4 protein chains.
Amino acid sequence: MGQFNSAPERPELARLGHVALETPDLDESLRFFRDTIGLQETDRTEDTAFLRSMYDTEHHTLSLTETDTAGVNHIGWRAQRPEHLELFVDQLEKEDIDVSRLSAGEERGQGEAIRFEAPNGHPFEIYYDVEKPDPQTEKESQLKARRVSGDTLVRGAPTRLDHVHLRDRDGAAATEWLEEHLGFQVNEFYRNKGKRWGTWLSVTPQPHDLALSTHEDTGDSDGRAEQFHHVSYRVETEHDLFAAADRLRENGYKLDAGPGQHAITEGKYLYMREPASDIRLELYTGGYLIFDPDWEPIEWSDEDIGIAGDHQWIGELDERMKPTIPY
Amino acid sequence: MGQFNSAPERPELARLGHVALETPDLDESLRFFRDTIGLQETDRTEDTAFLRSMYDTEHHTLSLTETDTAGVNHIGWRAQRPEHLELFVDQLEKEDIDVSRLSAGEERGQGEAIRFEAPNGHPFEIYYDVEKPDPQTEKESQLKARRVSGDTLVRGAPTRLDHVHLRDRDGAAATEWLEEHLGFQVNEFYRNKGKRWGTWLSVTPQPHDLALSTHEDTGDSDGRAEQFHHVSYRVETEHDLFAAADRLRENGYKLDAGPGQHAITEGKYLYMREPASDIRLELYTGGYLIFDPDWEPIEWSDEDIGIAGDHQWIGELDERMKPTIPY
Amino acid sequence: MGQFNSAPERPELARLGHVALETPDLDESLRFFRDTIGLQETDRTEDTAFLRSMYDTEHHTLSLTETDTAGVNHIGWRAQRPEHLELFVDQLEKEDIDVSRLSAGEERGQGEAIRFEAPNGHPFEIYYDVEKPDPQTEKESQLKARRVSGDTLVRGAPTRLDHVHLRDRDGAAATEWLEEHLGFQVNEFYRNKGKRWGTWLSVTPQPHDLALSTHEDTGDSDGRAEQFHHVSYRVETEHDLFAAADRLRENGYKLDAGPGQHAITEGKYLYMREPASDIRLELYTGGYLIFDPDWEPIEWSDEDIGIAGDHQWIGELDERMKPTIPY
Amino acid sequence: MGQFNSAPERPELARLGHVALETPDLDESLRFFRDTIGLQETDRTEDTAFLRSMYDTEHHTLSLTETDTAGVNHIGWRAQRPEHLELFVDQLEKEDIDVSRLSAGEERGQGEAIRFEAPNGHPFEIYYDVEKPDPQTEKESQLKARRVSGDTLVRGAPTRLDHVHLRDRDGAAATEWLEEHLGFQVNEFYRNKGKRWGTWLSVTPQPHDLALSTHEDTGDSDGRAEQFHHVSYRVETEHDLFAAADRLRENGYKLDAGPGQHAITEGKYLYMREPASDIRLELYTGGYLIFDPDWEPIEWSDEDIGIAGDHQWIGELDERMKPTIPY
């Protein structure tokens, strides 16, 4: 954060920026994300709706594009500095990773960007220039850190994009790649039966901007083990988790799991899927922040939590948590 | 946060580390901070008690030393890297600021450190090496990010040190010095009748690790306008603000102000003073985080909030908020 | 509640039913009570809007009628049984109190009713037959105890009508009359400087359905000391008090007081006034219930709370709390 | 509640008073109910500990007696008036139900009482005279409606006894008996596959003081289908449900289910069992109150909630919820 950062030798990511989803039924997906969850629609093109929540500072943190099949088009990360884009290109191409380039405006509200597949196919985008909502305009809140009007928010509405969770055939290897090439820091990890099962990584003081878990069984997704598990938005309190669950049930949606609390990250959660795209959303509150420059990753084993086969602290996850979105 | 940070040309602070208070009655101050507020006593020397809360990762975030008069001995900041200590010394001595050195262990739980007065007398300390509680020991929580047992926590107990608020004869000049010499970033500021009245600065993604407000009137403190206004700890929800207020009242303490919400930082607050030392504590929840590398400071004027002479959003501050601790 | 109640010798009230307000600007009053506070409009006649909240079981709990001047038309109480109406008439006429009669439907959604002035002019209504919202209709919630759709509720919206607070030149005498003629039970009272200042009464297990405080000074209301101080709706948590305050501020409304907590009734509060009518609303949460058949009234003196001139537990009331609505 | 109640022709219950449990390990049961859950121990005899929570107005609401095997000794109900005890005796003896009498003091803190088995063996007690904690004594709270010091309460501690849930071979018949002989009112009921599965009854404005569900399978309890399912205490908010769950987990206890929300009664819940006695406790918040004298019971069918085989609104109950305590 400090203003004294000299130009780094290696490029860095500043934050998770947005997730671009594809849905076979845009209207139905908007009924979920906008009308029920309470994200605010901020822009629209012919086939794409853009949404954000109260403290999201960019043009959008979620886009929904109507396509034939559901999926994740890309996960957008903002670079720490403008000049980092080219440094990332250099670095990725040395690894023989194909990098495609987008010119300014090709993605609504965004400047130049690069896109590439992280190992095993996770679709990443990196950009720096981005359009920001002007908090001074008439429609916005009197509280200037807010980018949507608090007045329009429904009960339990999210306040900001928090993190993504991906699944990978080889979570340990994918984690190493993210540390080495994109500068992620490992904050917590979990060994299940002696093997690294999951890793929680960040480029910010959050315990995770990205979680990566291992998914060896390729049977359920046409042999594509690499999957998008969920996107997570933050709500303010446990009361909001219940208020959101209530709105979801009143609107005919089912829940996947929760309310509950993870042992890892200590976040309190509610999981559900948007039926048209089958994409999973987590609403999330609590947790902690890491300000130590020498944070030692927290290691968890099966014995630590004391419930065999699970790593929840309060509540449990079950079979309904399994289906996810292959790319 | 990223691991690719090259060695910076200029030293940086990683975080607010602790506040060292002096009190004429240690037992009475412990009745407040430990027995009522719910900080946990982690160590004790002959004249000093050390305390921390649930997610505080260092030996202590608050120390209470019994002395003849109440006061603030120093405000401790942790450097981003070990080698930054000497870089800070160089930089401060170029400004003709006296820097004193502490050897390892001179302050309990802490390695080498430097101390100096920021302009107008604010007593700062910078250190890197610090003893950390081992989350694996028997007394600690099963949730490994916690550094005290959640089981021992009372209703409304704080979860981590959040920020300090200082007052200065010339807040605008002091702010510039903090930006230039210690690398603070200005996140929000407030002009009262055209003049910079207050500034909210940070070295982390928090909207403030340090707030600095202008206090021209020197009449109330032996001509020393430079003052410590309050130290702030975070609680989890609005319910905790009420639970803490309840405990305070049951134990015979009065409140200064709140519960309420600031427009600036959007934090929800409760203020009170510890009677033996007259030092003010804020309990704080909510707010937002700044992950943008190009954050534009939010500017507030009197007209913005719409309540003349005040900048609160919910609730009001009054005369009781005035008395503070000169150094 | 039990089903074995034999026909009582004396009539009883079952509950506070509704408050009928008059406003010089119906649209503006609806912007407050419906669009900002989140009561739901359930019916409308030419000059009157009817509103209720989530668990209100009758046609309305608040009506707003456009008239030349603001005021309280009446406070409606539901009788315990149909035959109690005539028993109340007999009882009141023995006291030489004028009783007027309304035929069924004269007040929208309501059967036969009687109206009269309690001593010193408080305008009361008693009815038994009332139209009830059908929880099975399409618009309503899937949760059948709810009478409005939870889905439509805004952040911090009330869940039910709770109580009214009246002011009286002689609160002690008025209290005695309410006990003797309408069957109210005294649950708590407060002596200020040796004199009964306020009384909290109920016909249900709530600590108060009606509070009555003493207001000797007739200077501010054309010599009419008898006043309506506020109507109170319940919200679910402290978080809702803040969420409601937030919505009010975003919509340009000021607050009178709070968030805070009363010592008496232990309710947590937020006070504000609707600008067009100047009528005060309290949002209220917490408190306790009385199931003991032999409850001893709680007596409070100035010394009990320990803050001279006030009886709040957390937070304070101030000058802004004074103006009220004379009948 | 009203003071005009004439002497009824038939006796009435005022409230659920207490539950008397038997445990094979009193120390271990106290570690759960007192040290972890946060009930306050108020009295002790050689073999029995007595506990209550913040707003419980009697000597105790839970007793724990050390015996060879776990069980429920009795469920105590307070009569509406002193003279109702003999009226209940007359009524029960007409039904050929054996009634035993306790003299004053035989149960600590209680006057004369009667005990009998409701059909199918539910062990009930009725009393009127009971010792009440004096809120004015030194140990108690400054808030006079509280019967334990708020200062001593741990995070998530209960605030009052709420209800009991019993299981019966023939829940429909048992319900009718409770309506006819003890004056309970049916507030909600649930038909599973066309048959009355559960009923929620009260003698107060709560949606249930007693729930009764059908349990036909006698295989798991020595042929005794009649069982005690759980005792329920109220906490204040959803945050408290999580805080209590946290304390339970830190102290090595497992949870049975929750946090979640029932469709019926709308209460939010957390379930767990005390390991020594295997008795289940529910922590409970939210819900609604019934002030209508003509409340129509809410009827639920499987289709209403939309989740086959379950009647939860948020979260789910599972196999772990089955084991209960036969008398």
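Residues numbered from 1 in each chain as written. Chains lettered and ligands numbered in written order. Predicted model: local features only at pLDDT ≥ 70, side-chain atom pairs only at ≥ 80, totals over all residues. Heavy atoms only, no water.

Brief notes about helix H2 (residues 84–94) of chain C
Residue and element names in this part refer to chain C.
Working step 1: By the burial criterion, the buried members of H2 are His 84, Leu 85, Phe 88, Val 89, Gln 91 and Leu 92.
Working step 2: Contacts made by the buried residues of H2 are with strand E1 (13–23), strand E5 (71–79), strand E6 (100–102), strand E7 (113–118), strand E8 (122–127) and helix H3 (171–182).
Working step 3: Trailing H2 by a residue or two, Asp 96 shows a phi angle of about 60 degrees, which is positive. (Buried < 20%, exposed > 50% of the residue type's maximum accessible area, 1.4 Å probe, protein only. Helix = DSSP H or I, 4+ residues; strand = E, 2+ residues; numbered from the N terminus. Contact = heavy atoms within 4.5 Å.)

Concerning the relation of the copies chain D and chain C
Relating one copy of the chain to the other requires a rotation about an axis plus a shift along that axis.
Working step 1: The two copies are related by a screw operation: chain D maps onto chain C through 180 degrees of rotation and 0.0 Å of translation along the axis, at an RMSD of 0.0 Å. Accordingly, the operation relating the two chain copies is best matched by a two-fold axis. Among all residues of chain D, the minimum C-alpha distance to the rotation axis is found for Thr237(D), at 3.3 Å.
Working step 2: Interface residue correspondence from chain D to chain C reaches 100%, placing this contact among same-surface, isologous pairings. (Least-squares fit on C-alpha atoms with pLDDT ≥ 70 in both.)

Section: the interface of chain D and chain C
Working step 1: Listed by partner, the interface residues are 61 residues for chain D and 61 residues for chain C.
Working step 2: In total, about 5,400 Å² of surface goes out of reach between chain D and chain C, with carbon and sulfur atoms giving 55% of it.
Working step 3: On inspection of chain D and its partner chain C, the count reaches 14 salt bridges.
Working step 4: A salt bridge links Arg78(D) to Asp294(C), with the nearest nitrogen and oxygen atoms 2.7 Å apart.
Working step 5: Viewed at the interface, chain C and chain D are joined by 16 residue pairs in polar contact (both at pLDDT 80 or more).
Working step 6: Mapped onto the side of chain D that touches chain C, the elements with two or more residues apiece are strand E1 (13–23), strand E5 (71–79), helix H3 (171–182) and strand E17 (298–301) of chain D.
Working step 7: Of the residues forming the side of chain D that touches chain C, the biggest block, 4 residues, is contributed by H3(D).
Working step 8: Of the residues that constitute the side of chain D that touches chain C, the class distribution is 25 nonpolar, 15 polar and 21 charged. (Buried area = accessible area lost by both parts, 1.4 Å probe. Salt bridge = Lys/Arg side-chain N within 4 Å of Asp/Glu carboxyl O. Polar contact = N/O pair within 3.5 Å; in protein donor to acceptor, adjacent residues only side chain to side chain. Nonpolar A, V, L, I, M, F, W, Y, C, P; charged D, E, K, R; others polar.)

Some words on the interface of chain B and chain A
Working step 1: Taken together, the 62 residues of chain B in the interface contact 61 residues of chain A.
Working step 2: With both sides pooled, the region where chain B packs onto chain A buries about 5,400 Å², and carbon together with sulfur makes up 55% of that total.
Working step 3: Joining chain B to chain A, the criterion identifies 16 residue pairs in polar contact (both at pLDDT 80 or more).
Working step 4: At the level of elements, strand E1 (13–23), strand E5 (71–79), helix H3 (171–182) and strand E17 (298–301) of chain B are the ones that each hand at least two residues to the side of chain B that touches chain A.
Working step 5: Within the side of chain B that touches chain A, the residues separate by chemical class into 25 nonpolar, 16 polar and 21 charged.

Observations regarding the sheet that holds strand E4 (residues 62–66) of chain A
Residues and elements named next belong to chain A.
Working step 1: In spatial order, the strands read E2-E3-E4-E1-E5-E8-E7-E6; together these 8 strands make up an open sheet with mixed pairing. In the strand order of this sheet, the two ends are held by strand E2 (40–44) and strand E6 (100–102), each with one partner. Averaged over all pairs of adjacent strands, the angle between strand axes in this sheet comes to 25 degrees, irrespective of strand direction.
Working step 2: With 4 bridges joining them, strand E5 (residues 71–79) and strand E8 (residues 122–127) adopt parallel strand pairing. Bridging from a neighbouring strand, Arg 78 pairs with Tyr 127 of E8. (Pairing = 2+ DSSP bridges. Axes fitted to C-alpha atoms, helices over the stretch in contact; angles between N-to-C directions.)

Remarks on the confidence of the model for chain A
Residues and elements named next belong to chain A.
Working step 1: The pLDDT averaged across chain A works out to 89; a share of 89% of its residues lies at or above 70.
Working step 2: A low-confidence stretch, residues 1–5 stays under pLDDT 50, and its non-local contacts, those more than four residues away or across chains, total 24 contacts.
Working step 3: ipTM for the predicted complex: 0.93, alongside a pTM of 0.94. (pLDDT = per-residue confidence, 0-100.)

With respect to the sheet that holds strand E2 (residues 40–44) of chain C
Residues and elements named next belong to chain C.
Working step 1: Taken in spatial order, the 8 strands of this open sheet run E2-E3-E4-E1-E5-E8-E7-E6, and their pairing is mixed. Here the strands that pair on one side only, and so sit at the sheet edges, are E2 and E6. For this sheet, the mean inter-axis angle between neighbouring strands, taken without regard to orientation, is 25 degrees.
Working step 2: Summarising the sheet, E2 and strand E3 (residues 48–52) pair through 4 bridges and their orientation is antiparallel. Bridging across to E3, Gln 40 finds its partner in Arg 52.

Details of the packing of aromatic side chains
Working step 1: One pass over the full model with this rule turns up 38 aromatic pairs over all chains.
Working step 2: Look at Phe32(C) and Phe33(C): their rings are 4.8 Å apart centre to centre, the planes differ by 90 degrees, and that puts the pair in the edge-to-face class. Both residues of the pair, Phe32(C) and Phe33(C), belong to the buried class.
Working step 3: Through a chain of ring-to-ring contacts, the aromatic side chains of Trp77(C), Phe116(C), Phe124(C), Trp177(C) and Phe184(C) assemble into a single cluster.
Working step 4: A cation sits over an aromatic face here: Arg249(C) above Trp313(B), 4.4 Å from the ring centre. (Phe/Tyr/Trp six-rings, centres within 6.5 Å; stacked < 30°, edge-to-face > 60°. Lys NZ or Arg CZ within 6 Å of the ring centre and 35° of its normal.)

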